Amino acid sequence: MSDATIAAGTEQRLTAQELKAQEKADEKTEKERLKRVARDEKAERKRAAKSGFANVANPRRSTLLTIVCALFAVYCLFPFVYLLINATKTQADFTSTFGLGFGRTFALWDNIKTVFTYQDGIFGRWFLNTILYVVVGAGGATLLAIMGGYGLAKFRFPGRKAVFAVIIGAISVPGIALAVPQFLLFAKLNLTNTPWAMIIPSLVSTFGLYLMWIFSEQAVPTELLEAARVDGASEFRTFFQVSLPLLAPGIVTTALFTIVATWNNYFLPLIMLKDSNWYPLTIGLNQWKDQASTAGGQAIQNLVITGSLITIVPLVIAFLCLQKYWQSGLSAGAVKE
């Protein structure tokens, strides 16, 4: 065997030994890293146990937070459970049985039928009125908030800071404080006791405008708009085809806020509307509730409860269907990338 062959074999053995040594060193390093991770996790669990809060990376169950969340859930669900139970009672059972217990007769379907036939089916008219105010008023408010917020976020013009100050000031003013001035203005225009007295004030949502302004700043990259303009897209095409899909979570969030505000609006229709044919559900059900206190009035609390249950069903369905968009809209911009 030549000297060259012997040297090559020796070099190969040395290389194999170096590889084994390197593997052992890597294994030792990995074991040390795992030990450090285990120590850190143990220390983190001790810290979390002392503070009573769970770490995001190492979630632990907190008894205190579980109790607080359970109490909050009971507080939120209690009115709905009360409505659901008492909607199954007749008027006699409603006044003679425990509020959270079922009556002797299950009358839910009879109550629903009576709600839609009582007083020549006026409840159906109130329901359609509410739908009209929500679709036109809340829908228009959402559209205006989207366009206004997008314009304020992506365009620079004189007076932009003044507009921002006005919006912040308008948010700080409660809506009930504007009800009387709005009534006087609409009375001068002879628009009281008409649907316009509900629709026109509902078209303005300062909070929705502010929300879409902030959301548009974060959700729509300016570079994307510049690329669309370079490609020859007009501003309207850029808005509808490029920006609008990116604004979907914010749009749903704003729509939910405006829908709930319009659906539950009470004081504005109370002072604006006198004709029961234009009442929304809130005023109509309150009229039924007060019927027993009038001379010769009949107590119909079972119908009021059932009508209230029917009233909240569309809102519950809307929240359940749009929940994921709503949550993503609320969390948008919370994490800086």
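Residues numbered from 1 in each chain as written. Predicted model: local features only at pLDDT ≥ 70, side-chain atom pairs only at ≥ 80, totals over all residues. Heavy atoms only, no water.

(A) Broad picture of the pattern of salt bridges. In the structure shown here, the tally under the stated rule is five salt bridges. Taking the shortest distance from any N to any O, the salt bridge between Asp-93 and Arg-104 comes out at 3.0 Å. One end of the pair, Asp-93, is in helix H3 (residues 91-96); the other, Arg-104, is in the loop between H3 and helix H4 (108-117), and eleven residues separate them in sequence. What makes Asp-93 buried here is its relative accessible area of 3%. Taking the relative accessible area as the measure of exposure, Arg-104 reaches 65% and is therefore exposed. (Salt bridge = Lys/Arg side-chain N within 4 Å of Asp/Glu carboxyl O. Helix = DSSP H or I, 4+ residues; strand = E, 2+ residues; numbered from the N terminus. Buried < 20%, exposed > 50% of the residue type's maximum accessible area, 1.4 Å probe, protein only.)

(B) Geometry of the packing of aromatic side chains. Going through the model one piece at a time under the given rule, you end up with eleven aromatic pairs. Ring geometry for Phe-116 and Phe-123: centres 5.2 Å apart, planes at 90°, overall edge-to-face. A relative accessible area of 39% places Phe-116 in the partly exposed class. An aromatic cluster of at least three residues, connected via ring pairs, comprises Phe-116, Tyr-118, Phe-123, Trp-126 and Trp-288. The positively charged end of Arg-125 is found above the aromatic ring belonging to Trp-278, 4.9 Å away from the centroid. (Phe/Tyr/Trp six-rings, centres within 6.5 Å; stacked < 30°, edge-to-face > 60°. Lys NZ or Arg CZ within 6 Å of the ring centre and 35° of its normal.)

(C) Inspection of the UniProt feature "transmembrane region" (unreviewed entry) in the protein chain at higher detail. Residues annotated by UniProt as "transmembrane region" (unreviewed entry) correspond here to residues 64-85, 126-150, 162-184, 196-215, 244-263 and 299-322. Helix makes up 85% of residues 196-215 and strand 0%. Its end C-alpha atoms lie 30 Å apart. (UniProt positions renumbered as here; feature names shortened; annotations may be inferred.)

(D) Molecular detail of the nonpolar core. Counting residues in each nonpolar core, the largest one holds 29 residues, and the members touching the most others are Phe-123, Trp-126, Met-272 and Trp-288. Counting only elements with at least two residues in this core, the list comes to helix H5 (122-154), helix H7 (179-188), helix H8 (196-202), helix H13 (267-272), helix H14 (281-289) and helix H15 (301-331). Of all the elements, H5 adds the most residues to this core, at seven residues. In this structure, Phe-123 is in contact with Val-115, Phe-116, Leu-281, Leu-285, Trp-288, Gly-307, Ile-310 and Thr-311, ignoring residues within four places of it in sequence. (Core = buried A, V, L, I, M, F, W, Y, C linked by side-chain atoms within 4.5 Å. Contact = heavy atoms within 4.5 Å.)

(E) A look at a nonpolar patch on the surface. On the surface, a cluster of nonpolar side chains totalling about 520 Å² of accessible area is made up of Leu-77, Phe-80, Val-81, Leu-84, Val-316 and Leu-320. The set of elements that each furnish at least two residues to the nonpolar patch consists of helix H2 (63-86) and H15. The leading source of residues in the nonpolar patch is H2, at four residues. Mapped onto the secondary structure, Leu-77 falls in helix H2. The exposure class assigned to Leu-77 is exposed, which follows from its relative accessible area of 51%. (Patch = residues over 30% accessible without salt bridge, like charges linked within 9 Å, V, L, I, M, F, W, Y side chains within 5 Å. Areas by Shrake-Rupley, 256 points an atom, 1.4 Å probe, with all protein chains shown as cover.)

(F) Focus on the environment of Leu-224. Of note, Leu-224 is situated in helix H10 (residues 222-230). In this structure the C-alpha to C-alpha distance between Leu-224 and Thr-238, which are 14 residues apart in sequence, comes to 9.4 Å. If we skip the residues at most four places from it in the chain, Leu-224 touches Val-242 and Leu-246.

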